[in-house]
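Residue strings, one per chain:
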Amino acid sequence: MVTISLCMIVKNEEKILARCLESVADLMDEIIIIDTGSTDKTKEVAAKYTDKIYDFEWIDDFAAARNFSFSKATMDYIYAPDADEVLDEENRKRFKVLKECMMPEVEMVQMKYVTVSEYGNLLNAKKEYRPKLFKRLRTFTWIDPIHETVRQEPVVFDSDIEILHMPVSSHSKRDFRIFLKSHDRMGYLSDKVYMMYAKELFKMGDLKDFKDSKKIFLPVWLENPMSDRGKEAACVLTRLARLENNPSDILKYALRDMMETPCSEICYELGSFYRDKGDYNEAIVWFLNARYETSSIIDICTSGNLPLGGLVHCYKELSKKEQNPAYDEAIATYKEELANWEIPEEL
């Protein structure tokens, strides 16, 4: 049986830390808590489960804090949960089986992340694999019978363990600050972080958040509007233009997107623009395109519940002005589809 170090970074988590640790403590051989500046009773809660509690000065860098936490581990593998995660009884059993049967060549284990809280709505599917368990000391292995080379990709196992993500508040404002600070410090964002920034803006951002992001997304769009990153930037910039009621910029960013394969985000923004202007017939055209003719590249809701809600709203407004049985039929159709729409189980 392998041994496991739990390595967690926390700050002001007194309300939920015990919930997390209670669900995993007996599965761990070592519990390491890294506190990044708590002002509540987080450390007192942690002390009920471990005496390995360390302070780390918060520098708006989760990677730095994670690296510090991993440096304190001494067991075979490292489990890296957040305080708002929980293992229920069924998944505790699965985790125990995994621990007992782990093959030594496995270097990383992915577990399904399942968000069950109104505050954790950044996923485009109900379940999403994330790496959660890591071999502490990696061995290098030569591969290929000729022109041999060292295997660089880790051996990854996709487990059936499901982690319940149960946040009790939104961290979006903190995240937006870190996105901006990271870009200011390094001059760029990785493809993954860039996409996560765009997704979090679409899910949680307000006008100020979009305004702040313009300095990052506009240069990307200007450099190559037809690249993947450029199209993602166009979505963010179009949303900003709509929030600012700037038709000229909406047209500029949207037309470029239409030159190749249009996306649901842009179509939804156009529908929302015309809806806000009271041009419901034109809005319907774009909501239909968002729902049925295009695909989402950032936020799956822009091809699902959002345009369906827009269609219901537009037909209701048209029905107020003109008694037309076709409007009532459309309202009933899209209301039913909206009620039945769900985020996909997995992508």
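Look a little higher up for the structure.
Note that the structure is a prediction, hence the values are computed from the model and not measured.

Undergrad: I keep staring at the packing of aromatic side chains and nothing clicks. Help me out?
TA: Two descriptors summarise a pair of aromatic rings, namely the distance from one centre to the other and the angle between the planes of the rings. Tallied over the entire structure, the rule returns 14 aromatic pairs. With 5.0 Å between their ring centres and 45 degrees between their planes, tyrosine 194 and phenylalanine 217 make a pair best called tilted. In this pair, tyrosine 194 sits in helix 6 (residues 191-204) while phenylalanine 217 sits in helix 7 (residues 207-223), placing the two residues 23 residues apart along the sequence. In this pair, the class of tyrosine 194 matches that of phenylalanine 217, namely buried. On the numbers, 4.8 Å between centres and 90 degrees between planes, the contact of tryptophan 221 with tyrosine 253 is edge-to-face. In this pair, tryptophan 221 sits in helix 7 while tyrosine 253 sits in helix 9 (residues 247-258), placing the two residues 32 residues apart along the sequence. For the pair tryptophan 221 and tyrosine 253, one class covers both residues: buried. Here a set of aromatic residues connected by ring pairs shows up, and it is made of Phe176, Phe179, Tyr194, Tyr197 and Phe217. A cation over a ring is seen here: arginine 229 above tyrosine 194, with NZ or CZ 4.0 Å from the ring centre.

Undergrad: Just checking my understanding: could you explain the pairing of strand 1 (residues 4-10) for this structure?
TA: In the case of a regular strand, side chains alternate between the two sheet surfaces. In terms of burial, strand 1 is largely enclosed, as seven of its seven residues are buried. Bridge count for strand 1 against strand 4 (residues 77-79) is three bridges, and the pairing is parallel. When the bridges of strand 4 are listed, leucine 6 appears paired with tyrosine 79. Looking at chain direction, strand 1 and strand 2 (residues 30-35) are connected through six bridges and run parallel.

The rules behind each value
- Residues numbered from 1 in each chain as written.
- Predicted model: local features only at pLDDT ≥ 70, side-chain atom pairs only at ≥ 80, totals over all residues.
- Heavy atoms only, no water.
- Phe/Tyr/Trp six-rings, centres within 6.5 Å; stacked < 30°, edge-to-face > 60°.
- Helix = DSSP H or I, 4+ residues; strand = E, 2+ residues; numbered from the N terminus.
- Buried < 20%, exposed > 50% of the residue type's maximum accessible area, 1.4 Å probe, protein only.
- Lys NZ or Arg CZ within 6 Å of the ring centre and 35° of its normal.
- Pairing = 2+ DSSP bridges.

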